[in-house]
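Structural overview for review
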Amino acid sequence: MATSPYFSTSNQYIKYDIHVDEVSTSIANNTSYVHVYVLVWRTNSGYTTSGTGTCYCTINGTSYSQSISSSQTIYHNSDTRIFDKYVTIPHNADGSKTIYVSSYISHARFSSSSQGFNVTLSKIPRKADFTNAPNFTDEDDPVISYTNPAGSAADSIEACISLDGTTDTVAYRSIPLDGTSYQFTLTASDRSTLLAATPNSNSLTVHFLLKTVLGGATYYSDAERTMSVVNAAPVLGAITYEDIEPTTVAITGNDQKIIQDHSDLQFSISKLEAVKSATLDNIEIVINEVTFTDTLSGSVVNSYTADFGTVNSSQDETATITLTDSRGNVAVAQVPVTVLEWYVPSALTSLRRVSNFYDETNLTVNADYASLDGNNVVTITYEYRESGSGPYSAPVTMNDGDTVQLVLDNTKEWDVRVIVSDLFDSTTYNLTIGIGIPILFIDRKRRSVGVGAIPDQDNMLVADRRISLKNPQHETVLDLWSSTSSGIRSAMITIKNHFNTALVTIFGSNFGGNLYLNNADGNPSAKL
């Protein structure tokens, strides 16, 4: 099997070498049976060497010796065996082994130093090992592939699934010595044990282990893989909703109709359940970008309710309900919710004296309010008082869209308050009606006419503030106007020519008056 190099001795013509032969191996015992011998010879002819001595040999750390007799003559090119030994060499746990063999000679005619070499023995087949091991899901029955180089010499081979690489979490089971693959048939208990080890993740690191018993020794092979948790979304039971606010239900007569901003929306779910050893984490309900969140615990909640509260939406909505477990898995359901639009009532109001003058004053109110499927009711009241003085009159109710006539002294200014109410809220309008002044008033008794004013004398024309006369070109030729500012009364009369140039201007006030005569260019030529 192996022969050392030629080694020298104190006699330049005498050489020796060491021979190592692996006679046999024992798989069961993990050993080799090795034959070691030493040969010596002369390199020149015509001479022989004989005498007594000793050959020493160290094999794998153990020293041996054999005597050399005088009958063991050393010849030219003829090998003389001076050491011969059979030994059993134990191998390493993996079946490998390298030994160091050395020898030296002490002879009456020559000697040598200790010289040797390394010899690698055959690797003895030991443990079974994986050729393939899969990643798998918690619902699989994984199949491993393996090789057993020891064959029937192995006492047994077993396989298991371990969480820590040592303990048989899924118990060892025997597999064939002459097989190449094995399928784990996992029981419900096996799967439950594995799932319980990963309550917060959808993946779990596991170890496939092969245990080989050979010659009374136990050997292990390890393949680290990943188990994935699948089909593990939590369970949302039957979902219903209702309005739990008594006042709004009394209005609609139906707890399935949610009034905007007023109903109290509550969801009921028959069951919340986390599966495959997970726990419940939270539930979230989203309507119109408003989110309700509740933290959960445990694996099962029976008969769950969530008070979402009011819904700020003017139309039907869809509630999105999301249940999340400790692994981050979710279950999602969508529930349509009927929403009735509601808004604060308002109105278009009109308050006018008859002919803008008389005591009789017409009040018209047209309300705008949410119907709530015809179940809402609007109420309109009005009350009045002389402006800025005293309390209002007792409220009077009027119908939506009607016109009522109030009698308000036209010599005074009045405050009128209108309140428009529905079943939830109200809006108040504060109106003012001024003193009665007609646009054009003809007083037949006085034979007088008033424009924006009331004549107070017979046979007079009275106009409020300004009178303008225009020519066919719409140019002002006569302008009369008056005003009051800071208690000072003033008046002015301007007469213009056809070029719209002021010819005569009469100006007066409480403090005096002036008369200007202008030339044709409109520049003053005289002041009186």
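In this text, all values refer to a predicted model and were calculated from it rather than measured experimentally.

Examining unusual backbone geometry
Its identity as a non-glycine residue notwithstanding, Ser303 has a phi of 55 degrees, on the positive side. Relative to the assigned elements, Ser303 resides in strand S24 (residues 300-309). Its relative accessible area of 59% is what places Ser303 among the exposed residues.

Thoughts on the side chain of His19
On the secondary structure map, His19 appears in strand S3 (residues 14-26). Among the residues examined, His19 registers a relative accessible area of 12% and is labelled buried. Contact partners of His19, with chain neighbours within four places excluded, come to Ala2, Thr3, His35, Val36, Tyr37 and Leu39.

Some remarks on the confidence of the model for the chain
In this model, the chain carries an average pLDDT of 90, and 89% of its residues clear a pLDDT of 70 or more. The low-confidence segment residues 485-489 (pLDDT under 50) makes nine contacts with residues lying over four places distant or belonging to another chain. Within the model, the stretch residues 509-513 combines pLDDT values under 50 with eight contacts to residues more than four positions away or in other chains.

Some thoughts on the pattern of salt bridges
Using the criterion set out here, one finds ten salt bridges in the structure. In this structure, the salt-bridge partner of Arg81 is Asp84, at a minimum N-O distance of 2.6 Å. With its nearest N and O atoms 2.7 Å apart, the salt bridge here joins Glu139 to Lys276. Of this pair, Glu139 sits in the loop between strand S11 (136-137) and strand S12 (143-147) while Lys276 sits in the loop between strand S21 (265-273) and strand S22 (280-287), and the two are 137 residues apart along the sequence. Connected through shared salt-bridge partners, Asp138, Glu139 and Lys276 make up one network.

Let's talk about helix H1 (residues 188-196)
Residues Asp190, Arg191, Leu194 and Leu195 constitute the buried set of H1. Taken end-on, H1 shows its buried residues confined to a sector of 130 degrees, consistent with a single buried face. Counted as exposed and oriented over 90 degrees from the buried face of H1: Ala188 and Ser189. Looking at the packing, one finds that the buried side of H1 touches strand S13 (156-162), strand S14 (170-174), strand S16 (203-214) and strand S17 (217-228).

Looking at the sheet that holds S11
The strand order S11-S17-S16-S13-S14 describes an open sheet built from five strands, whose pairing is mixed. For this open sheet the edge positions go to S11 and S14, each flanked by a neighbour on one side alone. Across seven bridges, S13 lies against S16 in antiparallel orientation. Paired with Cys160 across the strands is Leu209, a residue of S16. Against the sheet, H1 contacts S13, S14, S16 and S17, and its axis sits at roughly 135 degrees relative to S14.

How each quantity is defined
Residues numbered from 1 in each chain as written. Predicted model: local features only at pLDDT ≥ 70, side-chain atom pairs only at ≥ 80, totals over all residues. Heavy atoms only, no water. Helix = DSSP H or I, 4+ residues; strand = E, 2+ residues; numbered from the N terminus. Buried < 20%, exposed > 50% of the residue type's maximum accessible area, 1.4 Å probe, protein only. Contact = heavy atoms within 4.5 Å. pLDDT = per-residue confidence, 0-100. Salt bridge = Lys/Arg side-chain N within 4 Å of Asp/Glu carboxyl O. Arc of directions from axis to C-beta. Pairing = 2+ DSSP bridges. Axes fitted to C-alpha atoms, helices over the stretch in contact; angles between N-to-C directions.

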